[in-house]
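A closer look at the structure
Listed here are the chains, written in short residue letters.
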2 protein chains.
Amino acid sequence: MNKVFIVGIGQTPVSESWDKSLKELAGDAGLMAIEDAGIGYPDGLFVGNMMAITANHQAQFGTLMADWLGFHHKPALAVETACSSGSSAFRMALMAIASGEMETALVIGAEKMTDSPGSEITASLATAADAELEADFGLSFVGLNALLMRRYMHEYGWKHEDFSDFSINAHANAAHNPNARFRNPITRDSFTRSPMISDPINLLDASPVSDGAAAIILSSRPIQNGRKPVSVVASASMTDTLSLQHREKAVHLKAAEASAKTAYAQAGLSPSDIGLFEYHDAFSIMSALSLEAAGFCAPGEGPRLAKEGKIKFNSDIPVATMGGLKARGHPVGATGVYQLVEATLQLQGLAGPTQVKRNRYAMTQNIGGSGSNIVTHILQSE
Amino acid sequence: MNKVFIVGIGQTPVSESWDKSLKELAGDAGLMAIEDAGIGYPDGLFVGNMMAITANHQAQFGTLMADWLGFHHKPALAVETACSSGSSAFRMALMAIASGEMETALVIGAEKMTDSPGSEITASLATAADAELEADFGLSFVGLNALLMRRYMHEYGWKHEDFSDFSINAHANAAHNPNARFRNPITRDSFTRSPMISDPINLLDASPVSDGAAAIILSSRPIQNGRKPVSVVASASMTDTLSLQHREKAVHLKAAEASAKTAYAQAGLSPSDIGLFEYHDAFSIMSALSLEAAGFCAPGEGPRLAKEGKIKFNSDIPVATMGGLKARGHPVGATGVYQLVEATLQLQGLAGPTQVKRNRYAMTQNIGGSGSNIVTHILQSE
């Protein structure tokens, strides 16, 4: 594909938003990105969203955002791959530009989950699992991750408390991010004492149901807006079975591995070249599995990386540098775009107190379902 | 964009399906298209669907179809623009191929609407309207179209019975299509006597809630499979306000006009070059508005084209040649792909008793919402 550049970014704070609706959040992020790029209205709009139709009774949310933002008579659509919807929308915008159909495009990832009762959101999240083989039997999405975590602990001999450093690191980084939902540091003690959700997953293993929106302007050309140019050097998406029972080995995210390998090949890079890895820490078990699948450690070794402090922002392989899904928050369809926005800030040297040192290449990995739809991107500072 | 070719097609009968689930319908259509192309598994999958998450409790339906069809470790996603979702997915696949990211792609449009109670489907369909400005006030989707029809009758002086020829033509053509939902001819008398749904729209003005799936294989190269090659020479999508109240003139589909004009410009054609127009006759009022917006007659003149018989398969501007949404049926996310499959059959001379005579260029126009998301394609027989 032809090279595509990130030329504008925007994000709202992740929160439980009572004063802004879904379209207002998405509109705020979109307008920030448009203003940041300073090139006027782009040629088209790609929206990543999972559950507007259930949580907000609104289909064609892509069209609505074109309407709300004043994009009339331009193309717009919504892309959905559950929790990786944001990155999938970004990937479609890349192709629209690389194909020559557009020169510039706006990508918005947005979700507003807190207007609905918890039981409805639990039901909506469960639609990311296989309806016939999993959800219809009462398995919730956190339940699926609990099965994965239990199996992982059994297979590799880790204890529950061994996962604490993923969450402690995420909260420590989020403390410096004004857009993060949870800016309070947590300790090993608060981690172990937090309430059980779905054994062995407790409250501090899990990312919060949240509202938020992030946005990016992509362009076929770099622009001069005083920021360091950032380009997309790899975009790879892979699928796996929706249901855990059909995977060869549940605790190995094969599609994530294939997606990362393809991305490395596209960029001509290896894991050691990556200075920042924004991973999909929806649950702490996913942190371990994503690090392993992306080649940063051997299978079963994820928790060791965390225990040894290697995932800290100033260490070997920084992750969740602005709080990750765990502490920045996880408005599902927005998450992939938040990851890309945060990676862009790191590559531009604008990440503040958690700025990473090696900031030439950043990788993002966004996961839909329990490892069934993976979207990996590698960004480069020019 | 680089030229892209349609090299395989598949479709299931449109029906009230009790023996096949959503994924089985979509799988059947997908496998037919794969077999028709004869080039093995394509590089990626694009699914057009509107309401799997509400009607079938299944999100990431694109991923599920990759799983069901055995596409593991290939990219897949779902695209949503309400009733134009199928054409939007097709358009994304075009860009994926034109960008060089893929050489071949499978597009599936699928919807299964009849498993849910009618009230739930009415609510799901209303999500295509503006939630805050329309649906929240109790306006259903048929109600919106009724407002449009009443205004059109007021503005141009047509009576309700003047719309009958759109539906009579659709049913007459559907009689020859084994995949059509309603193969019974209707008369002016049965049209006028059919039960009122939302004044002035009666039962025979409206397309039926249905189940069905259609599929297409796209390729960067034409292939030799004994069928006439068909290429995509225009793809144009435009949006308008979701809510009717914000349009300059409700009974003029400005985005449809802009989309058609862009498509003509891309292909270097004018309306008189088009030998077949598969339009979006979800309601008979939409038939009139779509014909006018696409430049086949002046505003307010749509019903006259129908009354004069010019929309018949063997006349000036054949429409709904295999029954259209009205009689073939309207499984919403699938409809755009059905239109493209039917246009392909016409261009290949394989349309049977309703084969059109001028079959070098065919245009399809798929409408999401009450004219808010329009996707127009022009296909050419090589």
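Here the residue numbers are simple positions, counted from 1 along each chain's written sequence. Each chain is given a letter, starting from A, and each ligand a number, starting from 1, according to the order in which they appear as written. Per-residue local features of the predicted model are confined to residues with pLDDT of at least 70, and side-chain atom pairs are confined, for both listing and counting, to 80 or more; whole-chain, interface and lining totals are unaffected and use all residues.

Description of the overall build of chain A
- Along its length, chain A carries 13 helices and 11 strands.
- Whereas a compact globule of 382 residues would reach a radius of gyration of roughly 21 Å, chain A reaches 19 Å, a difference of no more than 12%.
- Its C-alpha atoms put chain A at 55 × 45 × 40 Å along the principal axes.
- To assign burial, the other C-beta atoms lying within 10 Å of each residue's own C-beta are counted, with C-beta atoms placed from the backbone; 20 or more indicates buried, 12 or fewer indicates exposed, and intermediate counts indicate partly exposed. For chain A, buried positions account for 66% of its 382 residues. Helix numbering and strand numbering both begin at the N terminus, where a helix is a DSSP run of H or I of at least 4 residues and a strand a DSSP run of E of at least 2. For the radius of gyration, the atom set is restricted to C-alpha positions; the globular benchmark scales as 2.2 Å times the number of residues to the power 0.38.

Concerning the interface of chain B and chain A
- With 52 residues of chain B in contact, the opposing surface of chain A contributes 52 residues.
- At the level of elements, α2 (52-55), α3 (61-69), β3 (76-80), α4 (85-98), β8 (230-239) and α9 (254-267) of chain B are the ones that each hand at least two residues to the side of chain B that touches chain A.
- Here the side of chain B that touches chain A is built from residues that sort into 25 nonpolar, 21 polar and 6 charged.
- Summarising the sheet, strand β3 (residues 76-80) of chain A and β3(B) pair through 3 bridges and their orientation is antiparallel. Paired with Val79(A) across the strands is Val79(B), a residue of β3(B). It is the C-beta atoms, placed from the backbone, that decide contacts: two residues are in contact if theirs lie within 7 Å. Gly is placed with the polar residues, together with every amino acid not listed as nonpolar (Ala, Val, Leu, Ile, Met, Phe, Trp, Tyr, Cys and Pro) or charged (Asp, Glu, Lys and Arg). We treat two strands as partners when DSSP finds at least two bridges between them.

Here we look at the packing of helix α6 (residues 141-156) of chain B against helix α10 (residues 284-293) of chain B
Residues and elements named next belong to chain B.
- Axis definition: a line fitted to C-alpha atoms, limited for helices to the stretch in contact. Angles are taken between N-to-C directions and run from 0 to 180 degrees. Contact pair α6 / α10: the axes reach a minimum separation of 9 Å and the direction vectors enclose 60°. It follows that α6 is oblique to α10 by the angle criterion. In the crossing of α6 with α10, the sense of the turn from one axis to the other is left-handed. Contact residues: Asn145, Leu148, Met149 and Tyr152 in α6; Ile285, Met286 and Ala288 in α10.
- Here the residues of the contact of α6 with α10 sort into 6 nonpolar, 1 polar and no charged. Note on angle classes: values under 35 degrees are labelled roughly parallel, values over 145 roughly antiparallel, values of 65 to 115 roughly perpendicular, and the remainder oblique. For any pair of crossing helices, the crossing counts as left-handed if the nearer helix is rotated counterclockwise from the farther one by less than a right angle, and right-handed if it is rotated clockwise.

Some remarks on the environment of Ala260(A)
Residue and element names in this part refer to chain A.
- With respect to the helices and strands, Ala260 occurs in helix α9 (residues 254-267).
- What makes Ala260 buried here is the crowd of 27 C-beta atoms within 10 Å.
- Along the primary structure Ala260 and Ala306 are separated by 46 residues, whereas in three dimensions their C-alpha atoms are 20 Å apart.
- If we skip the residues at most four places from it in the chain, Ala260 touches Ala293, Ala294, Gly295, Gln365 and Thr376.

As for the pairing of strand β1 (residues 4-11) of chain B
Residue and element names in this part refer to chain B.
- Counting buried positions along β1 yields 8 of 8 residues, so the element is predominantly enclosed.
- Of the pairings in the sheet, the one linking β1 to β8 comprises 3 bridges and is antiparallel in character. What sits directly across from Ile6, in β8, is Val230.
- Of the strand pairs in this sheet, β1 and strand β7 (residues 211-219) are connected by 6 bridges, and their pairing is antiparallel. Considered in β7, the bridge of Gly10 is made with Ala215.

Quick notes on the environment of Thr187(A)
- Counting through the fold element by element, Thr187(A) comes out in the loop between α7 (164-174) and α8 (188-193).
- For the pair Thr187(A) and Asn169(A), spaced 18 residues apart in sequence, the C-alpha separation works out to 9.6 Å.

Remarks on the nonpolar core
- Definition of nonpolar core: a set of buried Ala, Val, Leu, Ile, Met, Phe, Trp, Tyr and Cys residues joined via C-beta atoms within 7 Å. In terms of nonpolar packing, the biggest core is built from 280 residues, with Val107(A), Ala215(A), Ile216(A), Val107(B), Ala215(B) and Ile216(B) touching the most fellow members.
- Those residues within four positions of Val107(B) in sequence are excluded, and the remaining contacts are Phe46(B), Ala89(B), Phe90(B), Ala93(B), Ala215(B), Ile216(B), Leu218(B) and Val337(B).

Things to note about the relation of the copies chain B and chain A
- When the copies are superposed, the least-squares fit draws on C-alpha atoms of residues that have pLDDT of at least 70 in both. With an axial shift of 0.0 Å and an RMSD of 0.0 Å, the rotation relating chain B to chain A amounts to 180°. Read as a symmetry element, the transformation amounts to a two-fold axis. For chain B, the minimum C-alpha distance to the rotation axis belongs to Ser99(B) and amounts to 1.9 Å.
- A high fraction, 100%, of the interface residues of chain B reappear at the interface in chain A, so the copies pair face to face through one surface.

Quick notes on the packing of helix α1 (residues 22-37) of chain B against α3(B)
Residue and element names in this part refer to chain B.
- Remark: α1 packs on α3, axes separated minimally by 10 Å, with the N-to-C direction vectors making an angle of 65°. In this structure, α1 crosses over α3, and the sense of that crossing is right-handed. Of α3, the residues touching α1 (which contributes Lys23, Ala26, Gly27, Gly30 and Leu31) are Leu64, Met65, Trp68 and Leu69.
- Of the residues contributing to the contact of α1 with α3, the split by class is 6 nonpolar, 2 polar and 1 charged.

Some thoughts on helix α5 (residues 118-126) of chain A
- Taken together, the buried positions of α5(A) are occupied by Ser124(A), Leu125(A) and Ala126(A).
- Where α5(A) is buried, its residues meet α2 (52-55) and α6 (141-156) of chain A.

Some words on unusual backbone geometry
Residues and elements named next belong to chain A.
- Across the junction of Asp199 and Pro200, the peptide omega takes the value 10°, indicating a cis bond.
- Following the sequence through the fold, Pro200 ends up in the loop between β5 (196-198) and β6 (201-202).
- Even without being glycine, Gln60 reaches a positive phi, approximately 30°.
- Note on placement: Gln60 falls in the loop between α2 and α3 (61-69).
- Although it is not a glycine, Ala320 adopts a positive phi angle of roughly 45°.
- The residue Ala320 is located in the loop between α11 (302-307) and α12 (324-328) in this model.

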